[in-house]
Amino acid sequence: MDEAPIDWQAGAIFRPVRTGNAFEETVERLLQAIKLGVFGYGDRLPAERDLAARLGVGRETLREAIRSLQQAAFVESRRGRYGGTFVTYRMPPPDVAELRRAVLDMGEELQDALTYRLVLETGAAETAARRALGEEQQAYLRQRLADLEGAGPEEYRQLDSRFHLAIAELTGSRSLATSIAEARMRLNDLLNAIPMLERNIEHAADQHRAMVDAILAGDGEGARRATEEHLGATAALLRAFLG
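Here the structure is a predicted model, which is why all the values come from computation and not from measurement.

Rules used in this analysis
- Residues numbered from 1 in each chain as written.
- Predicted model: local features only at pLDDT ≥ 70, side-chain atom pairs only at ≥ 80, totals over all residues.
- Heavy atoms only, no water.
- Phe/Tyr/Trp six-rings, centres within 6.5 Å; stacked < 30°, edge-to-face > 60°.
- Helix = DSSP H or I, 4+ residues; strand = E, 2+ residues; numbered from the N terminus.
- Buried < 20%, exposed > 50% of the residue type's maximum accessible area, 1.4 Å probe, protein only.
- Lys NZ or Arg CZ within 6 Å of the ring centre and 35° of its normal.
- Salt bridge = Lys/Arg side-chain N within 4 Å of Asp/Glu carboxyl O.
- Contact = heavy atoms within 4.5 Å.
- Polar contact = N/O pair within 3.5 Å; in protein donor to acceptor, adjacent residues only side chain to side chain.
- Expected span 1.5 Å × (residues − 1).

Engineer: Can you help me understand the packing of aromatic side chains in this one?
Structural biologist: Each aromatic ring pair is described using two quantities: the centre-to-centre distance and the angle formed by the ring planes. Considering all chains together, one arrives at 2 aromatic pairs under this definition. Note on F74 and Y89: the rings are 5.1 Å apart at their centroids and 25° apart in plane angle, and the pair reads as stacked. Pair noted here: F74 is in the loop between α3 (59-71) and β1 (75-78) and Y89 is in the loop between β2 (84-87) and α4 (96-106), with a separation of 15 residues, a long-range link. With respect to class, F74 is no different from Y89; both count as buried. Against the face of F86 rests R78, its NZ or CZ located 4.0 Å from the ring centre.

Engineer: What am I meant to see in the pattern of salt bridges here?
Structural biologist: Should the charged atoms of two oppositely charged side chains come close, the side chains can pair. Scanning the entire structure with this criterion turns up 22 salt bridges. Here R29 makes a salt bridge to E25, at a shortest N to O gap of 2.7 Å. Linking R29 with E25, this pair stays in helix α1 (residues 22-35), spanning 4 residues, or about one helical turn. Of the charged contacts in the structure, one is a salt bridge between D160 and R184, with a shortest N-O distance of 2.7 Å. In this pair, D160 is assigned in helix α7 (residues 156-169) and R184 in helix α8 (residues 174-186), connecting sequence segments 24 residues apart. Neither residue differs from the other here; D160 and R184 are each classed as buried. Taken together, the shared-partner salt bridges connect E48, R59, E60, R63 and R67 into one network.

Engineer: How should I be thinking about the environment of R78 in this particular structure?
Structural biologist: On the secondary structure map, R78 appears in strand β1. R78 gets classed as partly exposed once you look at its relative accessible area, which sits at 41%. Sequence-distant contacts of R78, defined by excluding residues within four places in its chain, comprise G83, G84 and F86. In terms of polar contacts, R78 uses its side chain to reach the side chain of E76, at 2.7 Å.

Engineer: I tried to follow helix α5 (residues 109-130) on my own but got confused; where do I start?
Structural biologist: The end-to-end C-alpha distance of α5, which contains 22 residues, comes to 32 Å, matching closely the 32 Å that a straight helix rising 1.5 Å per residue would cover. Residues of α5 that are buried include every one of L110, A113, R117, L120, E121, T122, G123, A124, A125, E126, A128 and A129, and no others. Of the surrounding secondary structure, the elements contacted by the buried residues of α5 are α4, α7, α8, α9 (188-193), α10 (198-216) and α11 (220-242).

This is the structure we're talking about:
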């Protein structure tokens, strides 16, 4: 079986930093994990030693990054036996005015970001379908889908991110998983600002199930098609709210 250990909370985002400014990229990686919902409100980040090793930075650099995020009210550090660094950031509620602001801020970059995401995520779904996934990997994907289908409005966006990042992880490509996380981050404020409509969530649920069914059936073309349909529906909803 083509199976590797699964660690969704570290996989797509907590890779070794790649630039000369370790502090800035460490802050960026931590913010990605928090704003994408990989770690939600109240969750504890990995232990300092483990996190520093995963990011490939010194512990003092990591501590400095955490202090900066604490000052910005994204995390808080607690002492004691059950201490650690905990997420205090809450995703803002959907807001059409915020959606329009995010679109204006992106400008011409928006279409580029949507196209980039489409190419990456359709390719990831097809690749995951063509791999020989082990039982643990299949169960992992089913669980991500079940979590999303059982999500309430406050946690839906967080679990949606986890679902899409799970598919990226199942490709077995670290570079692709990281690129998908970064592509989603470019659109994060925009996606989070789209109001959640019950009918749209029902359609998305059907599309998510089609993606999972195709991946687990080893149907690469079907997985690509289902993912393209899902991302196209998101783009259509975006255009509808922008008038």
